[in-house]
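Spelled out, the chains give:
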Amino acid sequence: MKKRKYIFVVGGVMSGVGKGISSSSIGAIMKSKGFKVTALKIDPYINIDAGTMNPTEHGEVFVLRDGDECDQDMGNYERFLNTNLTRSNYMTTGRVYQEVIRKERNLEYKGKNVEVVPDIPREVIRRIKNAAHDADADVTIVEVGGTIGEYQNIIFLEAARMLKIEHPKDVAFVMVSYLPTPSTIGEMKTKPTQYAARTLNGVGIQADIIIARSSEPLDSKRKEKIGVFCNVLTKNIISAPDAGSIYDIPVNFEKDHLGDHLSEILGLPKRKTDLTEWTGFVNKKKNVKREVNIAVVGKYFDSGDFVLSDVYISVIEAIKFSSYYAGAKPNISFLNSKDFEKDKLKLATLKNYDGVIVPGGFGESGVDGIVETIRFVRENKIPYLGICYGMQLLVIEYARNVLGWKDANTREINPKSSKLVVDIMHDQKTKLEKSDYGNSMRLGDYAAVLKDGTIVRKAYGEKEIVERHRHRYEVNPEYVAELESKGLVFSGKSKDGTLCEIAELPTSKHPFFVGVQFHPEFLARPLNPHKLFSAFIKASIKKA
Ligand code: GLN
């Protein structure tokens, strides 16, 4: 049997310093050495998944091909590893307890006491090994959410410790820490990292590698100091200064030979890191020759005085990849649709953009502003890509303003509308009646058949596509014929022909006016930009 290796990535000092990107970058590096790599995220919260969380609080809900609704870090893993992950790559406290309780009720513990320790960490380990096995991975990266010293993730660190005892030569610990440079002192301080390393020692874990995040690169004095006080070889202290782009980070880590050090610690065969493909992408980004101005009009941007773009992170990355490959630097603006409701004259500012995207969303707030946006870009022939809600609202806008059905709406907003052009899906109805909200939408991979001679057929270059979904409502088939008779083309349908997956206008009427019921952004990768985004960006550049 193949020897599987595990790399645990934990966070010291504070959150938000890039544990997810560090994990993803380690993955990219190890993969480039020719190892089979998979990655797991552990989220310490009780929620079974991220599906029921408020986007303004939690950020984007990422959807895997099997329909798992999970943390946005999973998106980074898929993008950096250029791979598809599954439900077994994601775990929350809730999932772990749910399974242990299920087994207990099933008498699977054969009448013995079921205890937090060791039964919970054992379930955590079972899941980690299971994910490694599913992917047949040589190297499995496990990111433990939260920060060392928090009450919430102790049980996961306990699992990591137990796995290390079981397989001493196959487990490595990476601590991603932060070194502040207080402006009043002007010197980079190592003490918080020292405390974090000790706190980690307190739960029986010794870091093998410390990724030292800071505003500037680490000098040798700082490296030596951290090494001595944290009990880590100086060469295993990796300097990780702020980077211009997250995609520079694998390359930055390799300046300190992170991949070789990890291989040595884990007893992996010595292999060269080959980031040629990766740097190829990074260079595309650096060699852009022009600019393209894209507006993302959404409803989840307001968070106090801050603009929150985390909610649409995959959309933003998808725009970037396609723009870089088209030789353009994207200037992405985040426009709050609610501002257009307060002041309709502001709609005219949309003329400053080469393309407009309306991403997914739920509920009533901000929707009028979005419908006005879609009308404006349709009438002014500004390239438009509507995603999920952005597609449903495209159909509503068309029904209202072209077919003159002023009352047209989605059941989500007005169930009493006389023209429900977007309605609840049949099998979603009973779920809502039972308040069954968790993991109950139409989720994950579904195929669509594309109509010949359309924008999407040309963009994809294929007759049949598979994309990821997350929705409860759909275009009402009752009105499709009437909408089509007035020029809207349903250019993608589910294989059985019942569900409308794509709506568009012919290029004779509009340069690029496309709405898709699925989320193409979840399949956009730095080494594999998404064809639909690329077509949209191309149309936007043309307009520019
Ligand atoms: N609210 C819509 C639905 O449930 C769209 C969902 C989305 O944009 N992800 O169908």
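Predicted, not measured: the structure shown is a model, and the values here were computed from it. (Residues numbered from 1 in each chain as written. Predicted model: local features only at pLDDT ≥ 70, side-chain atom pairs only at ≥ 80, totals over all residues. Heavy atoms only, no water.)

Colleague: Is there a simple way to think about the overall build of the protein in this case?
Modeller: Helix and strand counts for the protein come out as 19 helices and 23 strands. Relative to a compact globule of 544 residues, whose C-alpha radius of gyration would be 24 Å, the protein shows 25 Å and is just as compact. Across its three principal directions, the C-alpha atoms of the protein cover 75 × 60 × 45 Å. Counting only residues that meet the buried cut, the protein has 58% of its 544 residues in that class. (Helix = DSSP H or I, 4+ residues; strand = E, 2+ residues; numbered from the N terminus. Rg over C-alpha atoms; globule rule 2.2 N^0.38 Å. Buried < 20%, exposed > 50% of the residue type's maximum accessible area, 1.4 Å probe, protein only.)

Colleague: Even after reading the chapter, I still don't get the site of the ligand, so can you show me in this structure?
Modeller: Close contacts around the ligand come from Gly-360, Gly-361, Phe-362, Cys-388, Tyr-389, Gln-392, Glu-412, Arg-470, His-471, Arg-472, Tyr-473 and His-519, and that covers them all. Contact distances for the ligand include 3.0 Å between a nitrogen atom and a backbone N or O atom of Arg-470. In the environment of the ligand, an oxygen atom lies 3.0 Å from a nitrogen or oxygen atom belonging to the backbone of Arg-472. For the ligand, the protein covers 99% of the area, taking 290 Å² as the surface of the free molecule. Mapped onto the shell around the ligand, the elements with two or more residues apiece are α15 (389–401) and β19 (464–471). Residue classes in the shell around the ligand are distributed as 4 nonpolar, 5 polar and 3 charged. (Near = heavy atom within 4 Å. Polar contact = N/O pair within 3.5 Å; in protein donor to acceptor, adjacent residues only side chain to side chain. Areas by Shrake-Rupley, 256 points an atom, 1.4 Å probe, with all protein chains shown as cover. Nonpolar A, V, L, I, M, F, W, Y, C, P; charged D, E, K, R; others polar.)

Colleague: Any chance you could explain the packing of aromatic side chains here in plain terms?
Modeller: How two aromatic rings sit relative to each other is given by the distance of their centres and the angle of their planes. Under the criterion given, the structure shown has 14 aromatic pairs. Between Tyr-247 and Phe-321, the aromatic rings sit 5.6 Å apart at their centres with planes inclined by 70 degrees, giving edge-to-face as the arrangement. With Tyr-247 in the loop between β9 (237–241) and α9 (249–255) and Phe-321 in helix α12 (residues 313–325), this pair connects stretches of sequence that are 74 residues apart. Taken together, the ring pairs in this structure connect Phe-80, Tyr-247, Trp-278, Phe-281, Phe-321, Tyr-324 and Tyr-325 into an aromatic cluster. Note that Lys-419 overlies the ring of Trp-405, its terminal NZ or CZ placed 4.4 Å from the centroid. (Phe/Tyr/Trp six-rings, centres within 6.5 Å; stacked < 30°, edge-to-face > 60°. Lys NZ or Arg CZ within 6 Å of the ring centre and 35° of its normal.)

Colleague: For this particular structure, what's the right way to read a positive patch on the surface?
Modeller: Residues Lys-191, Arg-198, Lys-221 and Lys-225 make up a contiguous surface patch of positive charge. Residue Lys-225 is classed as partly exposed on the basis of its relative accessible area, which comes to 38%. (Patch = residues over 30% accessible without salt bridge, like charges linked within 9 Å, V, L, I, M, F, W, Y side chains within 5 Å. Salt bridge = Lys/Arg side-chain N within 4 Å of Asp/Glu carboxyl O. Lys, Arg positive; Asp, Glu negative; His and termini not counted. Charge placed at Lys NZ, Arg CZ, Asp CG, Glu CD.)

Colleague: Got a minute to help me understand the nonpolar core in this structure?
Modeller: Within the largest apolar cluster, 83 residues are counted, with the highest numbers of intra-cluster contacts made by Ile-26 and Ile-211. Broken down by element, the residue count for this core peaks at 7 residues, all from helix α19 (residues 531–543). (Core = buried A, V, L, I, M, F, W, Y, C linked by side-chain atoms within 4.5 Å.)

Colleague: Would you take a moment to explain the sheet that holds strand β20 (residues 473–475) for this structure?
Modeller: Each strand in a sheet pairs with another by means of backbone hydrogen bonds, the pair being arranged parallel or else antiparallel. An order of β16-β17-β20 is seen for the 3 strands of this open sheet, with the pairing classed as mixed. Either end of the sheet is taken by a strand with one partner, and the two such strands are β16 (409–410) and β20. In this sheet, β20 lies alongside strand β17 (residues 420–424) in antiparallel orientation, the contact comprising 3 bridges. When the sheet's bridge partners are listed, Ile-424 is paired in β20 with Tyr-473. (Pairing = 2+ DSSP bridges.)

Colleague: Looking at this model, I keep getting lost on helix α14 (residues 367–379). Mind explaining?
Modeller: Think of an α-helix as turning once every 3.6 residues; residues three or four places apart then point the same way. Here α14 spans 18 Å end to end across 13 residues, near enough to the 18 Å set by a 1.5 Å rise per residue. Within α14, the full set of buried residues consists of Val-367, Gly-369, Ile-370, Val-371, Thr-373, Ile-374, Phe-376, Val-377 and Arg-378. (Expected span 1.5 Å × (residues − 1).)

Colleague: Looking at this structure, I do not really get unusual backbone geometry. What am I missing?
Modeller: Phi is mostly negative for residues that are not glycine, and the peptide bonds are mostly trans. With an omega of 10 degrees, the peptide bond running from Val-117 to Pro-118 counts as cis. The residue Pro-118 is located in helix α5 (residues 116–134) in this model. Unlike most non-glycine residues, Asn-82 shows phi in positive territory, near 50 degrees. For Asn-82, the position within the fold is in the loop between α3 (73–81) and β5 (90–92). The backbone of Asn-231 sits at a positive phi, close to 70 degrees, despite the residue not being glycine.

Colleague: What exactly am I supposed to notice about the side chain of Ser-88 here?
Modeller: Following the sequence through the fold, Ser-88 ends up in the loop between α3 and β5. A distance of 3.2 Å separates a polar atom in the side chain of Ser-88 from a polar atom in the side chain of Asp-134. Aside from chain neighbours lying at most four places away, what touches Ser-88 is Leu-40, Arg-127, Asn-130, Ala-131 and Asp-134. (Contact = heavy atoms within 4.5 Å.)

Colleague: Help me understand the sheet that holds strand β14 (residues 355–358), please; the structure alone is not making it clear to me.
Modeller: Strand order in the open sheet made by the 9 strands is β13-β10-β14-β15-β23-β22-β21-β18-β19, with mixed pairing throughout. Whereas interior strands pair on both sides, the edge strands pair on one side only; in this sheet they are β13 (328–336) and β19. Across the sheet, the mean angle separating the axes of adjacent strands is 25 degrees when strand polarity is ignored. (Axes fitted to C-alpha atoms, helices over the stretch in contact; angles between N-to-C directions.)

Colleague: How should the pairing of strand β6 (residues 139–147) be read in this particular structure?
Modeller: Extensive coverage of β6 is indicated by the burial of 8 of its 9 residues. Relative to β6, strand β1 (residues 5–11) is paired through 6 bridges, and the arrangement is parallel. Considered in β6, the bridge of Lys-5 is made with Val-139. As paired elements, strand β2 (residues 37–43) and β6 share 6 bridges and run parallel to each other. Bridged to Leu-40 within β6 is Val-142.

Read these as geometric descriptors, not functional statements.
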